[in-house]
Amino acid sequence: MNTPSQASPAPERGGRPQPLLVVRDLKKHFPVRDSGFGGPRKFVHAVDGVNFSVPKGKTLGIVGESGCGKSTTARLVARLMPADAGSLIFDGEGVAEFRGLHLKEFRRKLQMVFQDSFASLNPRLTIAETVAYGPRVHGTPAAKAMQQARELLDRVGLDAANFANRYPHELSGGQRQRVNIARALAYDPQLVILDEAVAALDKSVQAQVLNLLQELKAERGLTYLFISHDLHVVHYLSDYVMVMYLGQVIETGPVERIYGHTAHPYTRALLSAVPSMDPARRTEASPLAGDPPNPINPPSGCRFRDRCPRAHAVCADRAPELAAIHGAPEHFAACHLNDTASGHPDAGQEFSA
Ligand code: SF4
């Protein structure tokens, strides 16, 4: 994955794929309805200067507590809402310039699968009609679109002969999520955003859907943006991980690096809260205490400092930059502990939370 500051659609070195998606300095601040009479207008800092890129054919997992900005980031990428600032580059082209047919084509290439499998489906359409709907809108003749829909239903594990004419209420949650995946595939997308797509499924069904997603990624060269609060499933599906806290990226890098050599106290606390079967992966850090601060008025300096066991005076004075970890060029963290010039008394020491 490119560094935040180097995020660029230029070819990457070392034979790695080019980025399909590059996000630069993305911001979204929601106005607070009741800002108080006569006072300054207040804003929720939902996404506050987010940078990342996703190489073609790879999965970037985005993790963080509820309200950290991961789902808002996904919606901004999909242009479901306008950003206040920042830019998106998709397959080498600036998304802001997309209009008309170009924008329609972008929307075809980028599909989303949401957590609520039932709300995502039209209760009046059969399963086959749902999957065929997108291609028909894009000009595919009805008979051909229905044939493709049946093939896709078979591919996602729903026997078309049995399921094609059923309605959403006749299916289980796992079956409905397979329909949503088939519907996304019907558009022949390049990027699929999975926003807590397996969170509502029980564990055995979740494992089946995750395996299906891995197979489809390999078969079709899909790129995933996988948003989840579950660090186990993120570890299973992702090539890269991005950890968000209060609207900002605080750590990012290759999945095995992040899970094996965590560089930020927040990530370490998140991982310590996840029971692991592997003793080598267990951390000694304390689970997270307290709640995230008010996103209307984030703390000065490091936004994690009120909950951080390693906080020092410098953490209130200066916000840490997202910087490369020494000796790990694809691994970045925003913490003064990783910068010997930061003034933090423990900076540069062996990391422990
Ligand atoms: Fe903790 Fe300071 Fe690092 Fe923030 S910058 S995570 S407060 S040590």
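Owing to the predicted nature of the structure, the values given are computational and were not obtained by experimental measurement.

A. Here's a closer look at the overall build of the chain. Within the chain one finds eleven helices and twelve strands. Each of the 353 residues in the chain was classed as buried or not, and the buried ones make up 49%. Pairs at least 24 residues apart make up 64% of the contacts formed inside the chain by residues separated by at least 6 positions.

B. Highlighting the site of the ligand. The local shell around the ligand holds 14 residues, among which Cys-302, Cys-308, Cys-315, Cys-335 and His-336 are the closest. Of the residues contributing to the shell around the ligand, the split by class is nine nonpolar, three polar and two charged.

C. Structural view of helix H2 (residues 100-109). Three or more residues of H2 are buried, namely Leu-103, Phe-106 and Arg-108. For H2, the elements touching its buried residues are helix H1 (70-77), strand E4 (85-90) and strand E6 (110-113).

D. Up close: the pattern of salt bridges. As enumerated under the stated definition, the model contains twelve salt bridges in all. Between Asp-91 and Lys-56 there is a salt bridge, and its shortest N-O distance comes to 2.9 Å. With Asp-91 in the loop between E4 and strand E5 (93-94) and Lys-56 in the loop between strand E2 (43-55) and strand E3 (59-63), the pair connects residues that are 35 residues apart, well separated along the chain. Overall, Asp-91 belongs to the partly exposed group, its relative accessible area being 31%. When the shortest N-O distance is used, the salt bridge between Arg-75 and Asp-195 registers 2.7 Å. Residue Arg-75 is located in helix H1, and its partner Asp-195 is located in strand E7 (residues 191-195); the two are separated by 120 residues in the primary sequence. We classify Asp-195 as buried; its relative accessible area is 5%. A single salt-bridge network, built from bridges that share partners, covers Arg-155, Glu-215 and Glu-219.

E. Fine view of the sheet that holds E6. The strand order E6-E7-E8-E3-E9-E10-E12-E11 describes an open sheet built from eight strands, whose pairing is mixed. The sheet terminates laterally at E6 and strand E11 (323-325), the two strands that pair on one side only. This sheet shows a mean twist of 25° between the axes of neighbouring strands, independent of strand direction. Relative to strand E8 (residues 223-227), E3 is paired through four bridges, and the arrangement is parallel. Paired with Thr-59 across the two strands is Tyr-224, which belongs to E8. Along the sheet, H1 makes contact with E3, E6, E7, E8 and strand E9 (240-245), crossing E7 at roughly 150°.

F. Examining unusual backbone geometry more closely. Phi at Glu-196 takes a positive value of approximately 55°, unusual for a residue other than glycine. Structurally, Glu-196 can be placed in the loop between E7 and helix H7 (203-220). Residue classification places Glu-196 among the buried positions, given a relative accessible area of 11%. You will see that Leu-246, though not glycine, has its phi angle at about 50°, which is positive. Tracing the backbone through its elements, the reader meets Leu-246 in the loop between E9 and strand E10 (248-254).

G. Inspection of the packing of aromatic side chains at higher detail. Per the counting criterion, the structure on display carries five aromatic pairs. Ring plane angle 85° and centroid distance 5.2 Å describe the contact between Tyr-245 and Phe-304, whose orientation is recorded as edge-to-face. Within this pair, whereas Tyr-245 is found in strand E9, its partner Phe-304 is found in the loop between helix H10 (265-272) and helix H11 (313-317), the two being separated by 59 residues in sequence. The pair formed by Tyr-245 and Phe-304 is uniform in burial state, with each residue classed as buried. Through a chain of ring-to-ring contacts, three or more aromatic side chains come together here, namely Phe-90, Phe-98 and Phe-106. The positively charged end of Arg-166 is found above the aromatic ring belonging to Phe-163, 4.4 Å away from the centroid.

H. Representation of H7 in the model. Taking 1.5 Å of rise per residue, 18 residues should cover 26 Å, and H7 covers 26 Å from first to last C-alpha, within 8% of that figure. Against the buried residues of H7 lie E3, helix H4 (142-155), helix H6 (173-186), E7, E8 and helix H8 (231-237). Directly beyond the C-terminal end of H7, a positive phi value near 65° is found at Gly-221.

I. Quick look at the packing of helix H3 (residues 127-137) against H4. Closest axis-to-axis distance for the H3/H4 pair is 8 Å, and the angle between their directions is 125°. Classified by the angle their axes make, H3 and H4 are oblique. Crossing of H3 against H4: the hand is right-handed. Contact residues: H3 offers Ile-127, Ala-128, Glu-129, Val-131, Ala-132, Pro-135 and Arg-136, while H4 offers Ala-142, Ala-145, Met-146, Gln-148, Ala-149, Leu-152 and Leu-153.

J. A look at the environment of Leu-270. Residue placement: Leu-270 occurs in helix H10. Judged by relative accessible area, Leu-270 falls into the buried class, the value being 12%. Considering only alpha carbons, one finds Leu-270 and Glu-65, 205 residues apart in sequence, at a separation of 8.7 Å. When sequence neighbours within four positions are dropped, the list of residues in contact with Leu-270 reads Gly-64, Glu-65, Leu-231, Val-243 and Leu-288.

K. Examining the pairing of strand E12 (residues 328-333) more closely. As judged from the two bridges shared by E10 and E12, these two strands associate in the antiparallel manner. Following the sheet pairing, Glu-251 is matched in E12 by Ala-333. Pairing of E11 with E12, which is carried by three bridges, proceeds in the antiparallel orientation. Pairing of Ile-325 across the sheet is with Ala-328, part of E12. Where E11 folds back onto E12 in an antiparallel hairpin, the turn is made up of two residues, including Gly-327, whose phi is positive at roughly 80°.

Reading the values: rules and limits
- Residues numbered from 1 in each chain as written.
- Predicted model: local features only at pLDDT ≥ 70, side-chain atom pairs only at ≥ 80, totals over all residues.
- Heavy atoms only, no water.
- Helix = DSSP H or I, 4+ residues; strand = E, 2+ residues; numbered from the N terminus.
- Buried < 20%, exposed > 50% of the residue type's maximum accessible area, 1.4 Å probe, protein only.
- Contact = heavy atoms within 4.5 Å.
- Near = heavy atom within 4 Å.
- Nonpolar A, V, L, I, M, F, W, Y, C, P; charged D, E, K, R; others polar.
- Salt bridge = Lys/Arg side-chain N within 4 Å of Asp/Glu carboxyl O.
- Pairing = 2+ DSSP bridges.
- Axes fitted to C-alpha atoms, helices over the stretch in contact; angles between N-to-C directions.
- Phe/Tyr/Trp six-rings, centres within 6.5 Å; stacked < 30°, edge-to-face > 60°.
- Lys NZ or Arg CZ within 6 Å of the ring centre and 35° of its normal.
- Expected span 1.5 Å × (residues − 1).
- Parallel < 35°, antiparallel > 145°, perpendicular 65-115°, else oblique.
- Left-handed = near helix turned anticlockwise from the far one by under 90°.

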